[in-house]
Amino acid sequence: MTVIDLFCGCGGLSLGFEKAGFEIVKAFDKWDRAVSIYNSNFKHNAELVDAYNLSAEYIKSFNPDIIIGGPPCQDYSSAGKQDETQGRANLTLRYAELVCGVAPKWFVMENVDRITKSTTLPLAIDKFRKANYGLSQVVLDASKCGTPQKRKRFFLIGELNACDDFLTQSLLNDQSKKSMTIRDYLGDEFHTDYYYRHPRSYARRAIFSIDEPSPTIRGVNRPIPGTYQIHPNDATDCIERVRPLTTLERARIQTFPTNFVFEGSKTDLEQIIGNAVPVELAAYVGKHLSKYIRDKSEVSQE
């Protein structure tokens, strides 16, 4: 099954789908630094291009069975301005336009869970329905899908000429009952029990234990301020036992393997890693889609 990745970033979604057994044949993104990292880690090529300069005809030339992608989420995200007039929400519609123009058998779109409250998502869904896609819509908790991180993400999965909810229950029901902790996934790799994660407001806790899932990895990573006051919900009140995570440690929480090459400035890397789809979350979705496709094929051959 051949796959195209739109808005590929550094490749979290691509790598997860490769782990699930799919063949990625091409990827696209407009951020040169993310594309450079992508091309340092995959055998196939990611092309630097704006989605509005990308045509359905060109994508068709690669004969994809599946199109995957995570259009930019900043206009929906709680870490962003939550303002759909900023323009990036339109890229969700551009994703839908390209998918419908290519008409692959399947597609997978990923975004923050807040997109379910947007005015843009219904417009995209309308485009997909008019193109005869059956749709499965789920919000998954990454910590229950093989990732040591509390990160809720929305997935819209389409199949051409199919019924709705063809994959919904499988994805929801197979989630682990228990959230995965950092120690569950990485053991003592970080050589610390506690770490600092800069809060959006000091009304919130900032010190976490590796014996719990990480909060969502964001695009910022700051040192502990010298004036930091212990919050009542912090995992420890002994600040001497706490340190911030390194950039590459944050990539590990995003479940990138240790041999994945990250090159660039710290500021760019923090943003690129924070934007990425956790590899194991992508693999979870990919494996369920792969099983569905395989089971359906076997039934049709009986």
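Residues numbered from 1 in each chain as written. Predicted model: local features only at pLDDT ≥ 70, side-chain atom pairs only at ≥ 80, totals over all residues. Heavy atoms only, no water.

I'm lost on a positive patch on the surface in this one. Help?
On the surface, Arg114, Lys117, Arg200 and Arg204 cluster together into a patch of positive charge. Structurally, Lys117 can be placed in the loop between strand E5 (106-112) and helix H5 (120-130). (Patch = residues over 30% accessible without salt bridge, like charges linked within 9 Å, V, L, I, M, F, W, Y side chains within 5 Å. Areas by Shrake-Rupley, 256 points an atom, 1.4 Å probe, with all protein chains shown as cover. Salt bridge = Lys/Arg side-chain N within 4 Å of Asp/Glu carboxyl O. Lys, Arg positive; Asp, Glu negative; His and termini not counted. Charge placed at Lys NZ, Arg CZ, Asp CG, Glu CD. Helix = DSSP H or I, 4+ residues; strand = E, 2+ residues; numbered from the N terminus.)

I would appreciate a short explanation of the environment of Ile273 in the present structure.
Secondary-structure assignment places Ile273 in helix H9 (residues 266-275). Counting along the chain gives 203 residues from Ile273 to Gly70, while the straight-line C-alpha distance between them is 14 Å.

I would appreciate a short explanation of the packing of aromatic side chains in the present structure.
The way to describe two aromatic rings as a pair is by their centre distance and the angle between their planes. Going through the model one piece at a time under the given rule, you end up with 17 aromatic pairs. Their ring planes at 70° and their centres at 6.4 Å tell us that Tyr95 and Phe107 sit as a pair that is edge-to-face. Linking Tyr95 in helix H4 (residues 90-102) with Phe107 in strand E5, this pair joins segments that are 12 residues apart in sequence. In this structure Tyr95 comes out as buried when scored by relative accessible area, which is 0%. When its relative accessible area of 0% is taken as the criterion, Phe107 is described as buried. Taken together, a centroid distance of 6.2 Å and an interplanar angle of 85° make the contact between Phe128 and Tyr133 edge-to-face. Across the pair, Tyr133 and Phe128 agree in class, each one buried. (Phe/Tyr/Trp six-rings, centres within 6.5 Å; stacked < 30°, edge-to-face > 60°. Buried < 20%, exposed > 50% of the residue type's maximum accessible area, 1.4 Å probe, protein only.)

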